[in-house]
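Each chain, letter by letter, is given below.
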Amino acid sequence: MTSLPQNHYKTLGVVLGGGGARGLAHIGVLKVLAEFGITISSLAGCSMGGLIASTLAMGMPVNEIEKIALRFQSRHEIIRLVDRTPSRKGLLAGNKIRKFLSEFIPPDLCIEETKIPLVMNAVDLISGEEIPLRQGNLIDAIMATTAIPGLFSPVEVGPYRLVDGGTLNDVPVNYLKETTVGVILAVNVHQRNQNGHASNQVSRSGHVPLSILPMMQDFYRVETIVTGKLVEQNLERFPPDILISPSISNEITSLFGFQHVGEVINAGEIAMRERMPQLLNLLTEPN
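Residues numbered from 1 in each chain as written. Predicted model: local features only at pLDDT ≥ 70, side-chain atom pairs only at ≥ 80, totals over all residues. Heavy atoms only, no water.

Draft legend 1. Spotlight on the overall build of the protein chain. A tally of regular secondary structure across the protein chain gives 9 helices and 10 strands. Buried residues in the protein chain amount to 52% of all 287 residues. Nonlocal contacts in the protein chain, meaning residues at least 24 apart in sequence, comprise 75% of its contacts between residues at least 6 apart. When the accessible surface of the protein chain is split by element, carbon and sulfur atoms take 54% of a total near 13800 Å². (Helix = DSSP H or I, 4+ residues; strand = E, 2+ residues; numbered from the N terminus. Buried < 20%, exposed > 50% of the residue type's maximum accessible area, 1.4 Å probe, protein only. Contact = heavy atoms within 4.5 Å. Areas by Shrake-Rupley, 256 points an atom, 1.4 Å probe, with all protein chains shown as cover.)

Draft legend 2. Broad picture of the packing of aromatic side chains. In this structure the tally under the stated criterion is 2 aromatic pairs. Between the aromatic rings of F72 and F100, the centroid separation amounts to 5.4 Å while the plane-to-plane angle is 85°, which identifies the pairing as edge-to-face. Of the two residues, F72 sits in the loop between helix 3 (62-70) and helix 4 (75-79) while F100 sits in helix 5 (residues 95-101), which places them 28 residues apart along the sequence. A ring pair is formed by F100 and F104, whose centres lie 5.2 Å apart and whose planes are at 75°; its orientation type is edge-to-face. A residue is classified by how much of its surface remains accessible, and F104, at 17% relative accessible area, is buried. A connected cluster of aromatic rings, assembled from ring pairs, spans F72, F100 and F104. (Phe/Tyr/Trp six-rings, centres within 6.5 Å; stacked < 30°, edge-to-face > 60°.)

Draft legend 3. Structural detail: the pairing of strand 1 (residues 12-16). Most of strand 1 sits inside the fold, with 5 of its 5 residues counted as buried. When strand 1 meets strand 9 (residues 183-187), the two strands line up parallel, connected through 5 bridges. Across the sheet, residue V14 finds its bridge partner in strand 9, namely L185. (Pairing = 2+ DSSP bridges.)

Draft legend 4. Spotlight on the pattern of salt bridges. Per the counting criterion, the structure on display carries 9 salt bridges. Measuring nitrogen to oxygen at the nearest pair gives 3.7 Å for the salt bridge that ties R273 to E269. Remark: E269 and R273 occur in helix 9 (residues 261-284); sequence separation between them is 4 residues, near one turn of the helix. Judged by relative accessible area, R273 falls into the partly exposed class, the value being 37%. According to the relative accessible area criterion, E269 is buried, its value standing at 15%. (Salt bridge = Lys/Arg side-chain N within 4 Å of Asp/Glu carboxyl O.)

Draft legend 5. Just the side chain of S42, in detail. Within the element layout of this structure, S42 appears in strand 2 (residues 42-45). On the basis of relative accessibility, which here comes to 9%, the residue S42 falls in the buried class. Ignoring any residue separated from it by four or fewer positions in sequence, one finds S42 in contact with L12, G13, V14, I116, P117, L176 and V181.

Draft legend 6. Up close: the packing of helix 1 (residues 25-35) against helix 9. At a minimum axis separation of 6 Å, helix 1 and helix 9 run at an interaxial angle of 45°. Relative to helix 9, helix 1 is oriented oblique. Here helix 1 and helix 9 pass one another in a crossing that is right-handed. Here helix 1 contributes A25, I27, G28, V29, K31, V32, L33 and E35 to the contact with helix 9, which in turn contributes V264, I265, G268, E269, M272, R273, M276 and L279. (Axes fitted to C-alpha atoms, helices over the stretch in contact; angles between N-to-C directions. Parallel < 35°, antiparallel > 145°, perpendicular 65-115°, else oblique. Left-handed = near helix turned anticlockwise from the far one by under 90°.)

Draft legend 7. How the structure looks around the nonpolar core. Counting residues in each nonpolar core, the largest one holds 71 residues, and the members touching the most others are L12, L24, L33, L185 and L279. The element that contributes the greatest number of residues to this core is helix 9, accounting for 11 residues. (Core = buried A, V, L, I, M, F, W, Y, C linked by side-chain atoms within 4.5 Å.)

Written out as structure tokens, the structure is:
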């Protein structure tokens, strides 16, 4: 292993995209960066990527983040977070998830107080605009960036009614493009087909998790297609210096792939190790 020299020239910004259970691959990427002694200077995250970026930004070691994630290989751990909402704005109220987050994130911690500068994104249902989340309560921001429409109720933050940032921008590289960071590494875990493009199907077997209505199965597929196309367009417009796309089976879906936590994290590790020589070269190039 070649560790990064302490006098390296460039800073590193990391962008972690959305992807639900597939987003746990981010942990594998972060494990390899930590192993090589690489310091992250700034973070941007969306949905699951926003949650993982938040824990790292507040100073939680990657091995602790991994321990929390591995708990969700158990269905019991997932079921205990389920609380049906009395309203019809979403299937889940999210109160149990908020309580779970407060077990390891101080309830009064604000985004601007994190040890690593952090930005997340969400989408305002009132204006239809993407909203950057750079300040304010950290747990509120996590709940907003992960509020999958139809599954969770929108999160009211100030004048906004916020849902998952992946609705418009699942891998928000643009927020680090606005900074002075030297190298941007982005991680995209969206489902892809054999040609490397956004997958038009959940899997070749037609698998859609759980026994849901055919209408909802089609909605799930449409969401996968649209999000994937938006990811491609946004990455073409704001390309990172390095794009990591872990090889994760399409059978592992964003909502119901948590029983494969170890496999997904390992996929992130493998993908990052393959690109590590390139990253080290970029970080040690003179400006």
